[in-house]
Amino acid sequence: MSVAVPEEWLADLERRHLAELSFPEVRKGLQALSSLYVERRGRIGTGAAFDGAGKRAAFALFFGPLHFLVVREIVDALGAAAAPLSRILDLGCGTGPAGSAWALAAGGSPEVSGVERSGWATQEARETFRALGLRGRAAAGELLRERLPGSGAGIVLGWAVNELPDGAREELLPRLLEAARRGARVLVVEPIASRPVPWWAGWAKAIAEAGGRDDLWRFPSSLPPVLALLDKAAGLDHRILTARSLWLPGAG
Ligand SMILES: C[S@@+](CC[C@H](N)C(=O)[O-])C[C@H]1O[C@@H](n2cnc3c(N)ncnc32)[C@H](O)[C@@H]1O
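Criteria and thresholds
- Residues numbered from 1 in each chain as written.
- Predicted model: local features only at pLDDT ≥ 70, side-chain atom pairs only at ≥ 80, totals over all residues.
- Axes fitted to C-alpha atoms, helices over the stretch in contact; angles between N-to-C directions.
- Helix = DSSP H or I, 4+ residues; strand = E, 2+ residues; numbered from the N terminus.
- Parallel < 35°, antiparallel > 145°, perpendicular 65-115°, else oblique.
- Contact = placed C-beta atoms within 7 Å.
- Expected span 1.5 Å × (residues − 1).
- Bend = angle between axes of the 7 residues up to and from the residue.
- Buried ≥ 20, exposed ≤ 12 C-beta atoms within 10 Å, placed from the backbone.
- Near = placed C-beta within 6 Å.
- Nonpolar A, V, L, I, M, F, W, Y, C, P; charged D, E, K, R; others polar.
- Arc of directions from axis to C-beta.
- Core = buried A, V, L, I, M, F, W, Y, C linked by C-beta atoms within 7 Å.

J.: With reference to specific residues and values, describe the packing of helix 2 (residues 23-38) against helix 3 (residues 53-78).
T.: Following both chains from N to C, one finds helix 2 and helix 3 inclined at 85°, their axes separated by 7 Å at the closest point. Judged by the inter-axis angle, helix 2 sits roughly perpendicular to helix 3. On the side of helix 2, the interface is formed by Glu25, Val26, Lys28, Gly29, Leu30, Ala32 and Leu33, while helix 3 contributes Gly54, Lys55, Ala57, Ala58, Phe59, Leu61 and Phe62.

So, in structure tokens, the structure goes:
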């Protein structure tokens, strides 16, 4: 059975993001955002994903719930939410869907800490945690500066590693491996397209050597009505949800 987006969160997103923008404005924002992620990737690092109300609304209202669904499916398939799990660190959390999905899969008790360089997305992540009834906090900042937790914690990077410059990515991998040796569970999720992730094979090898796994996923989805309408209107097709992941269960 496919998982669902919690209704109270979706209602909150619709209320806040469709209040001042029309459906066609959000649809246009979604098309601009998709084109940025697929064809104009060089501009992502400049914060172009957040530079306009339409794109921001699409980021929160469309990609937030979509990423929530994908991460929830992956977490369930990997058994990643098994106890004990007291804390989830969501690096590059955006509006907070990845950490939230994992925390809810674990029954809602783990505290979620999000770290995000965009101030706007950080505030949205706080709204997400509130709407979902999670104990969560989000801080605006650089994910590489974050001290990584160990035993009892999950660390998730949802569609974020591909946005890091080469040097930052190279610095991050050994730190994730080291956190897993101290007991943290590590989950990295990225798109299945290979162009954004030329580093994948190297990461997958290191993760496998540390006892982890590399997966490609395809899940049938039943998108909530507002997402299905936006998807179709923007010329996209997310009736099947796809992603790739790296998973390290953590030592001990
Ligand atoms: C494609 S979005 C995904 C957001 C969220 N994880 C999700 O699943 O929807 C990638 C996010 O990573 C953030 N990000 C990229 N590089 C970062 C860095 N060095 N430090 C903190 N956040 C970063 C971006 O601002 C953006 O919000």
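J.: Would you mind going over helix 3 in detail, with residue names and values included?
T.: For helix 3, with 26 residues, the first-to-last C-alpha span of 36 Å sits near the 38 Å given by 1.5 Å per residue. The largest bend in helix 3 is about 35°, located at phenylalanine 63, with the proline proline 65 one to four residues further on. Buried residues dominate helix 3, accounting for 22 of its 26 residues. Looking at the residues trailing helix 3, positive phi occurs at glycine 79, about 65°.

J.: So what's going on with the site of the ligand? Residues and values would help.
T.: In the region of the ligand, 20 residues are neighbours, and His67, Gly92, Gly94, Leu143 and Gly158 sit closest. Those elements that place two or more of their residues in the shell around the ligand are helix 3, helix 4 (97-105) and strand 2 (111-116). Tallied by class, residues from the shell around the ligand come to 10 nonpolar, six polar and four charged.

J.: How would you sum up the environment of glutamate 7? Please name residues and give values.
T.: For glutamate 7, the location among the structural elements is in helix 1 (residues 7-17). Of the residues examined, glutamate 7 has 9 C-beta atoms within 10 Å and is grouped as exposed. Glutamate 7 sits 125 residues away from leucine 132 along the chain, and the two C-alpha atoms are 9.3 Å apart.

J.: Give a detailed account of helix 1, specifying residues and quantitative values.
T.: The complete set of buried residues in helix 1 reads Trp9, Leu10, Leu13 and His17. Buried positions in helix 1, seen along its axis, are confined to an arc of 95° and lie on one side of it. The exposed residues of helix 1 that point more than 90 degrees off its buried face are Glu7, Glu8, Ala11 and Arg15. Of the surrounding secondary structure, the elements contacted by the buried residues of helix 1 are helix 2, helix 3 and helix 5 (119-131).

J.: With reference to specific residues and values, describe the nonpolar core.
T.: Formed by 71 residues in total, the largest nonpolar core has its most connected members in Ala58, Val71, Trp102, Ile155, Val186 and Val189. If one sorts the elements of this core by residue count, helix 3 sits on top with 14 residues. If we skip the residues at most four places from it in the chain, tryptophan 102 touches Val71, Val75, Ala80, Ala81, Ile88, Gly154 and Val156.

J.: Tell me about unusual backbone geometry, residues and numbers included.
T.: Cis geometry is found at the peptide bond from alanine 83 to proline 84, where omega equals 0°. Note that proline 84 resides in the loop between helix 3 and strand 1 (87-91). Despite not being glycine, tryptophan 159 shows a phi value in the positive range, around 55°. For tryptophan 159, a count of 21 C-beta atoms within 10 Å puts it in the buried group.

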